[in-house]
Amino acid sequence: MSLHEDAVLVLKAYEAQPELRQTYLDHLSAHPDGMWKACEAGHLTASALVVDRERGRVLLTLHKKLNMWLQMGGHCELEDTSLTAAALREAREESGIAGLTLLAGGPVRLDRHAIPAPCHWHLDVQYAALAPAGAVEAISDESLDLRWFDYDEVAKVADESVVRLVGAARARL
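Now for a quick tour of the structure. Because the structure is predicted, anything quoted here is derived from the model rather than measured. Here the residue index of a chain counts from 1 through its sequence in written order. With the structure being a predicted model, the display of local features is reserved for residues of pLDDT at least 70 and the display and counting of side-chain atom pairs for 80 or more, all residues being used for whole-chain, interface and lining totals. As a rule here, side-chain values come from all non-hydrogen atoms in the structure, and water together with hydrogens is ignored.

### Notes on the layout of surface pockets
Step number 1: Buriedness for pockets is judged along seven lines, at least five of which must meet protein on both sides within 12 Å for an open set on the 1 Å grid over protein atoms alone, while cavities are sets there where a 1.4 Å probe fits but cannot get out, and lining residues have an atom within 4 Å of a point. Grid points are joined across faces, edges and corners, and a volume is the space filled by probe spheres set on the points. What the largest pocket holds in volume is close to 890 Å³.
Step number 2: Elements with a minimum of two residues in the lining of the largest pocket: strand E1 (43–52), strand E4 (72–75), helix H3 (83–95), strand E6 (109–114) and strand E7 (121–130).
Step number 3: A run of H or I in DSSP counts as a helix once it spans at least four residues, and a run of E counts as a strand once it spans at least two, with each numbered from the N terminus. Per-element tally for the lining of the largest pocket: the top contributor is E1, with four residues.

### What about the side chain of Ser 82?
Step number 1: Residue placement: Ser 82 occurs in the loop between E4 and H3.
Step number 2: On the accessibility criterion, Ser 82 (12% relative accessible area) is buried.
Step number 3: There is a polar contact of 2.9 Å between the side chain of Ser 82 and the side chain of Thr 84.
Step number 4: A 3.5 Å cut-off defines polar contacts: any pair of N or O atoms within that distance qualifies, except that in protein one atom must be a possible hydrogen donor and the other a possible acceptor, and neighbouring residues in sequence count only when both atoms are side-chain atoms. Within the structure, the side chain of Ser 82 is placed 3.0 Å from the backbone nitrogen of Ala 85, a separation counted as a polar contact.
Step number 5: Filtering out sequence-adjacent residues up to four positions away, Ser 82 remains in contact with Leu 3 and Asp 6. In this scheme, a residue with accessible area under 20% of its type's maximum is buried, one over 50% is exposed, and one in between is partly exposed, where area comes from a 1.4 Å probe on protein chains only. In this analysis, two residues are considered to be in contact whenever any of their non-hydrogen atoms come within 4.5 Å of each other.

### Some details on the nonpolar core
A general tendency of soluble globular proteins is for nonpolar side chains to be buried together.
Step number 1: Here, nonpolar core means buried Ala, Val, Leu, Ile, Met, Phe, Trp, Tyr and Cys residues that are tied together by side-chain atoms lying within 4.5 Å of each other. Of all hydrophobic cores here, the largest spans 33 residues; its most connected members are Met 35, Leu 44, Val 50, Leu 83 and Leu 100.
Step number 2: For this core, the elements supplying multiple residues, two or more each, are helix H1 (3–13), helix H2 (18–30), E1, H3, E7 and strand E8 (143–150).
Step number 3: Ignoring anything within four residues of it in the chain, the contact list for Leu 100 reads Val 50, Leu 88, Ala 91, Arg 92, Ser 95, Ala 129, Leu 130, Ala 131 and Pro 132.
Step number 4: One finds Val 51, Leu 103, Val 108 and Ala 169 within the second-largest nonpolar core, a separate group that totals 20 residues.

Scope: geometric values only; no functional claims are made or implied.
Set out below in structure tokens:
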């Protein structure tokens, strides 16, 4: 199964956010290259909010290009076999944490946001990744900083999309 086909199946199974979900499905139907950064009309991305359930906190990265506190995530790559694999790869690469596992039940949210040209949209499929006990993070080249925030601190440092993602992840825990 191709990554494109996997994304369609994941989105069809995702029952929340029906209008946005349909936007994603329409995009994939209209753009065979809609999974890839090269698709200038926009492309799907995969991200994962790293959660330390035991300590009631999340790990955010200070994104190097955007200078914003965000969840781990990014573009799909040719070796990704599924959206879940892409989200988990991004979370591991950007957090430095081995042993992350995605929260069962598929994506926790979708988020569509404008980005600078030449591409115009990221259609982000957002997961939650559970950190193992005693997890030790390590900053990547893509980050200016990496820091744990208590759930109630996120609204002070991150935008509304991250706050909504934290809320959706907490609701699923």
